[in-house]
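So you can see what is in the structure, the chains are spelled out below.
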Amino acid sequence: FVSEIDAQGYQGIGHDTTLAAHVFMGTKNSQRVSEAYVLGGLNAVRGVPDGFLIGNRAMFANLEGRMRVAHFQYALVQALAFTDAGQSRFLDDTRQAQSVGLGVRVDIPQVYRVVIRADVAYVLQTKQVGVALGFNQFFQPHSPLRDKN
């Protein structure tokens, strides 16, 4: 048995700014680690190691303020501030993590809508800094940064 809720929302604020939110909650009726949710800096809470949050119950939320800061002929540059929070439970082990940070995106729409991203996150529990590099937005990878001109 698997039950999941995965929701995303976006709200434009002015000409160049977007508020983006993502919420996920899930539960699996399995006690096998191989079937558990595996969450971390690559897919849920930036700054924590991948697999830091593992469990048959998991939830996380991401909130980003995205602002376009430059527009070139073949690329758009976006800066953002974010906060992430997540929790997992496996048997009697409950883990949680929250982070805040800053990031930059470079959107190259002529190259199959490629977005290159870099995020720096401060993890509140461990007081450590983590860096995440990747392609596409952290969530909603199918929508490029839009040029509103």
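First things first, this report covers the structure right here in the doc. (Residues numbered from 1 in each chain as written. Predicted model: local features only at pLDDT ≥ 70, side-chain atom pairs only at ≥ 80, totals over all residues. Heavy atoms only, no water.)

Side note on the overall build of the protein chain
Which entries qualify depends on this criterion: Counting from the N terminus, the helices are DSSP H or I runs at least four residues long and the strands are E runs at least two residues long. Here the globule rule is a power law, 2.2 Å times the number of residues to the power 0.38, and the radius of gyration is based on C-alpha atoms. Contact criterion: two residues are considered in contact whenever any of their non-hydrogen atoms come within 4.5 Å of each other. Only the protein chains shown count as cover for residues, with accessible areas throughout obtained via the Shrake-Rupley method and a probe of 1.4 Å. Charged residues are defined narrowly, with Lys and Arg counted positive, Asp and Glu counted negative, and His plus the chain ends left uncounted. For the purpose of locating charges, the reference atoms are NZ of Lys, CZ of Arg, CG of Asp and CD of Glu.
Summing up its helical and strand segments, the protein chain has zero helices and nine strands in all. The linear arrangement of helices and strands in the protein chain, starting from the amino end, is β-β-β-β-β-β-β-β-β. The globule rule puts the C-alpha radius of gyration for 149 residues at 15 Å, and the 16 Å found for the protein chain is close to it. Seen along its three principal axes, the alpha-carbon backbone of the protein chain occupies a region of about 55 × 35 × 25 Å. Partitioning the intrachain contacts of the protein chain with sequence separation of at least 6 by distance along the chain shows that 50% fall at a separation of at least 24. By element, 60% of the accessible surface of the protein chain is carried by carbon and sulfur atoms, the whole surface being about 8,600 Å². Treating the 14 positive side-chain charges of the protein chain as one cloud and the 12 negative ones as another, the clouds have centres 1 Å apart.

Some points on the environment of Met67
Relative to the helices and strands, Met67 resides in strand 5 (residues 57-71). In this structure the C-alpha to C-alpha distance between Met67 and Asp16, which are 51 residues apart in sequence, comes to 5.6 Å.

Notes on a nonpolar patch on the surface
Rules: Within the patch definition used here, like charges are joined within 9 Å and nonpolar side chains (Val, Leu, Ile, Met, Phe, Trp, Tyr) within 5 Å, considering only residues with over 30% relative accessible area and no salt bridge. We define a salt bridge as a side-chain nitrogen of Lys or Arg found within 4 Å of a carboxyl oxygen belonging to Asp or Glu. Three exposure classes are used, based on accessible area relative to the maximum for each residue type with a 1.4 Å probe and protein chains only: buried under 20%, partly exposed in between, and exposed over 50%.
Residues Val100, Val120, Tyr122, Leu124, Val129, Val131 and Leu133 make up a contiguous nonpolar surface patch of roughly 630 Å² in combined accessible area. Contributions of two or more residues to the nonpolar patch are made by strand 8 (114-123) and strand 9 (128-135). Among the structural elements, Leu124 can be located in the loop between strand 8 and strand 9. Since its relative accessible area comes to 38%, Leu124 is described here as partly exposed.

Some thoughts on the pairing of strand 1 (residues 2-13)
Here is the key point about a regular strand: its side chains alternate between the two faces of the sheet. The cut-off we apply is this: By definition, two strands form a pair when at least two bridges between them are found by DSSP.
With 12 bridges connecting them, strand 1 and strand 2 (residues 17-28) associate as antiparallel partners. What sits directly across from Val2, in strand 2, is Lys28. What sits between strand 1 and strand 2 in their antiparallel hairpin is a turn of three residues, with Gly14 showing a positive phi close to 75°.

Thoughts on the sheet that holds strand 1
Paired through their backbone hydrogen bonds, the strands of a sheet run either parallel or antiparallel. Test applied: In this description, a line fitted to the C-alpha atoms serves as the axis of each element, helices being fitted only across the stretch in contact, and the angle between N-to-C directions of two axes falls anywhere from 0 to 180 degrees.
If you walk across this open sheet you meet the seven strands as 1-2-5-6-7-8-9, and the pairing is antiparallel. On the outer flanks of this sheet lie strand 1 and strand 9, each paired with one strand and no other. Mean inter-strand twist for the sheet, computed between neighbouring axes without regard to direction, equals 15°.

Quick word on the side chain of Arg117
Our working rule: Polar contacts here mean pairs of N or O atoms no more than 3.5 Å apart (in protein, one a potential hydrogen donor and the other a potential acceptor; neighbouring residues in sequence count only if both atoms are side-chain atoms).
Secondary-structure assignment places Arg117 in strand 8. Note on Arg117: relative accessible area 10%, which makes it buried. Within polar-contact distance, the side chain of Arg117 engages the backbone oxygen of Asn136 at 3.0 Å. Look past the residues within four positions of Arg117 in its chain and what remains in contact with it is Leu42, Val104, Arg105, Ala132, Leu133, Gly134, Phe135, Asn136, Gln137 and Phe138.

Observations concerning unusual backbone geometry
One non-glycine residue with positive phi stands out, namely Lys127, at about 55°. In this structure, Lys127 sits in the loop between strand 8 and strand 9. Accessibility expressed as a relative area gives 59% for Lys127, which makes it exposed. Phi is positive for Asn136, close to 70°, though the residue is something other than glycine. Tracing the backbone through its elements, the reader meets Asn136 in the segment after strand 9. On the basis of relative accessibility, which here comes to 25%, the residue Asn136 falls in the partly exposed class.

Keep in mind that these numbers describe shape and distance, not what the molecule does.
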